[in-house]
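# Architecture at a glance
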Amino acid sequence: MARLNRSKETIRRSEIVRRRIFWGVGAVVCFYLLVPLIVGDMGVVKYFKMRRTYDRLQQEIQQLSTENEKIEDEIHALRSDPDTIERIARDRLGLVRPGEVVYQFEPADPNNPVPSDDPPVSPEVPHHP
């Protein structure tokens, strides 16, 4: 068998080529694995969007829970508190106790203002001689 005589330069070049091929294949494999990890269906971008949605929904749930507690307190007061029942009857139904006098004030109509006792003020017009 004949042994190949290769110079050191040839060996060095072939090693450089092998290293470049190795790193090139490695880069392609990493790219192939990282792209789906970042932008795939369950990638990092999707994760952060889902996390924002989750946080927003948790905040909404907290607000709705607080609102539900207030409504439940109001229901309890309407069922059992006579002062609350009376206040609602007076505000919404206009009910009054016997002997009470009710004064109703209607808002002024901006097109028809209420006349005042003062005479109308006319702007002064300068005289030109």
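Calculation criteria
Residues numbered from 1 in each chain as written. Predicted model: local features only at pLDDT ≥ 70, side-chain atom pairs only at ≥ 80, totals over all residues. Heavy atoms only, no water. Helix = DSSP H or I, 4+ residues; strand = E, 2+ residues; numbered from the N terminus. Buried < 20%, exposed > 50% of the residue type's maximum accessible area, 1.4 Å probe, protein only. Areas by Shrake-Rupley, 256 points an atom, 1.4 Å probe, with all protein chains shown as cover. Salt bridge = Lys/Arg side-chain N within 4 Å of Asp/Glu carboxyl O. Phe/Tyr/Trp six-rings, centres within 6.5 Å; stacked < 30°, edge-to-face > 60°. pLDDT = per-residue confidence, 0-100. Polar contact = N/O pair within 3.5 Å; in protein donor to acceptor, adjacent residues only side chain to side chain. Contact = heavy atoms within 4.5 Å.

Let us now look at the overall build of the protein chain. Within the protein chain, the regular secondary structure consists of 3 helices and 0 strands. When its helices and strands are written in sequence order, the protein chain yields α-α-α. The buried share of the protein chain, reckoned over its 129 residues, is 4%. Of the roughly 13,400 Å² of accessible surface on the protein chain, a fraction of 59% belongs to carbon and sulfur atoms.

The final tally for this structure, using the stated rule, is 6 salt bridges. The network of salt bridges with shared partners includes Glu 86, Arg 90, Arg 97 and Glu 100.

This part covers the packing of aromatic side chains. Under the defined criterion, the tally for this structure stands at 2 aromatic pairs. Here the aromatic rings of Phe 22 and Trp 23 are separated by 5.7 Å at their centres, their planes lie at 75°, and the arrangement is edge-to-face. We classify Trp 23 as exposed; its relative accessible area is 62%. Seen from their ring centres, Tyr 47 and Phe 48 are 5.3 Å apart, and the 70° between their planes marks the pair as edge-to-face. You can call Tyr 47 partly exposed: its relative accessible area is 48%. Phe 48 gets classed as partly exposed once you look at its relative accessible area, which sits at 47%.

Take the confidence of the model for the protein chain next. Taken over all residues, the pLDDT of the protein chain has a mean of 83, while the share at 70 or more is 82%. Looking over the protein chain, one finds the lowest element-wise mean pLDDT in helix 3 (residues 82–93), namely 86, and the highest in helix 2 (residues 44–80), namely 94.

With that out of the way, let us pick up the side chain of Thr 84. Mapping Thr 84 onto the fold places it in helix 3. Here the side chain of Thr 84 touches Asp 81 through a polar contact of 2.7 Å, side chain to side chain. Beyond its immediate sequence surroundings of up to four residues, Thr 84 is in contact with Ala 77 and Leu 78.

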